Amino acid sequence: ENLQRILSSPTAIYSPAVSVDGRRVAYSIREAGGKIVLRERNLASGQDRLISSRGALSYTPPSTPDGKRLAFAFDVGGGIEVHDYNLERNCCVRRITKGPREDMMPSYSPDGKQLVFGSTRLGQAHIFIISAEGGNATQLTPYAYGERIKFVGPDWSPTGNEILFYGESKGGFHIMIADPGRR
C-alpha cells in the first residue's frame, strides 16, 4: 500500500493543505465536543499547534510562498470571511475580507502580496482578488445579469501571470485561466 497515515481521528478531519516547504500540514478537525478548530501538524515531529479555535470550519488553508502566514476562511456571524494567521509569531488571526456573504478558497500570489478567493457577494459565486493586507476586493470574473454563473476554486499559478479556476457559465462546465493583470 502506497499510503502514509499522518493523522487519525474518531471525528471528522477537513481540508488539509501542505506548507510551501512540505514540513507542515494545516487542517480543520472536529473535536470530541463538536467544535471545529484549525490546527497545523509538524510532519517530522508529529506535534500539532492550534491556529484557531473559533469553532467554525476553516477551509483550504494555504500558506504564503515564504511560509510566514496562513490564509483560511471561516464563519463570522453568518458569513464566511477570509482570515490569515502569522505562523512566525504563532499568533494573531487577522480578518482580510469583509463581504456580505461567503468569501472562501483563498490562494496566495507567488509574491504573497495578494490573495485570490471565491465569493458569493454578488449572489452567485465569482472570483475576486484582494491585497494580502485586506482592503477592497476586485472582481476577476465577468458578471452577467440573469445568467447562471458559478466560478470557484481559484488557484494562482507559480509564475503569477495566471489564475486557474473552474465553474459553470453559458450552459456548460469549464476550467478557465484568467490573467490577473487584465481585470
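Here the structure is shown first, and the text comes after it.
Small disclaimer: the values here were computed from a predicted structure and weren't measured. (Residues numbered from 1 in each chain as written. Predicted model: local features only at pLDDT ≥ 70, side-chain atom pairs only at ≥ 80, totals over all residues. Heavy atoms only, no water.)

**Student:** Lay out the sheet that holds strand β7 (residues 91-95) with the relevant residues and their values.
**Tutor:** As summarised here, the arrangement of the 3 strands in space is β5-β6-β7, forming an open sheet in which the pairing is antiparallel. Each edge of the open sheet carries a strand with a single partner, namely β5 (69-76) and β7. Neighbour-to-neighbour, the strand axes of the sheet open up by a mean angle of 30 degrees, direction not taken into account. Examined bridge by bridge, β5 and strand β6 (residues 79-86) share 8 bridges and lie antiparallel to one another. Bridge pairing in β6 places F74 opposite E81. (Pairing = 2+ DSSP bridges. Helix = DSSP H or I, 4+ residues; strand = E, 2+ residues; numbered from the N terminus. Axes fitted to C-alpha atoms, helices over the stretch in contact; angles between N-to-C directions.)

**Student:** A description of a nonpolar patch on the surface should follow, citing residues and the corresponding values.
**Tutor:** A cluster of nonpolar side chains, contributed by L164, Y166, I175 and I177, occupies part of the molecular surface with about 440 Å² of accessible area. Where the nonpolar patch is concerned, the elements lending two or more residues are β13 (163-169) and β14 (172-178). Inspection of the secondary structure puts I177 in strand β14. (Patch = residues over 30% accessible without salt bridge, like charges linked within 9 Å, V, L, I, M, F, W, Y side chains within 5 Å. Areas by Shrake-Rupley, 256 points an atom, 1.4 Å probe, with all protein chains shown as cover. Salt bridge = Lys/Arg side-chain N within 4 Å of Asp/Glu carboxyl O.)

**Student:** How would you sum up the nonpolar core? Please name residues and give values.
**Tutor:** One finds V116, I127, I129, L140, I149, F151, W156, I163, F165 and A178 forming the largest nonpolar core, which totals 10 residues. The set of elements that each furnish at least two residues to this core consists of β10 (126-131), β12 (150-156) and β13. The next biggest cluster of nonpolar side chains, apart from the first, holds 9 residues, and it includes V82, F117, F128 and A132. (Core = buried A, V, L, I, M, F, W, Y, C linked by side-chain atoms within 4.5 Å. Buried < 20%, exposed > 50% of the residue type's maximum accessible area, 1.4 Å probe, protein only.)

**Student:** Now, about the state of the cysteines: what can you tell me, with residues and values included?
**Tutor:** Counted by the stated rule, this structure contains 1 disulfide. The residue that forms a disulfide with C91 is C92, at a sulfur-sulfur distance of 2.2 Å. Negative torsions about the S-S bond denote left-handed disulfides, and the value of about -55 degrees found for C91 with C92 makes this one left-handed. Classification of C92 as partly exposed rests on a relative accessible area of 36%. (Disulfide = S-S within 2.5 Å.)

**Student:** Just give me the short version of the layout of surface pockets, but keep the residues and values in it.
**Tutor:** Counted as a void, the largest pocket has a volume near 340 Å³. Around the largest pocket, the lining is made up of 22 residues, and of these P62, S63, S107, Y108 and D155 lie nearest the centre. Elements represented by at least two residues in the lining of the largest pocket include exactly β1 (13-18), β8 (103-108) and β12. Class assignment for the residues of the lining of the largest pocket results in 14 nonpolar, 7 polar and 1 charged. Lining the second largest pocket are L140, T141, P142, A144, E147, I149, F151, F165, S169, K170, M176 and A178. (1 Å grid on protein atoms, 1.4 Å probe; cavity = no way out; pocket = protein on both sides within 12 Å on 5 of 7 lines; lining within 4 Å. Points joined across faces, edges and corners; volume = space filled by probe spheres on them. Nonpolar A, V, L, I, M, F, W, Y, C, P; charged D, E, K, R; others polar.)

**Student:** Give a description of the pattern of salt bridges that names residues and reports values.
**Tutor:** Under the criterion given, the structure shown has 11 salt bridges. Between R69 and D84 there is a salt bridge whose closest N-O contact spans 2.6 Å. Here the residue R69 occupies a position in strand β5, and D84 occupies one in strand β6, the gap between them amounting to 15 residues. Classification of R69 by relative accessible area gives buried; the value is 19%. The network of salt bridges with shared partners includes D21, R23, R24, E40 and R49.

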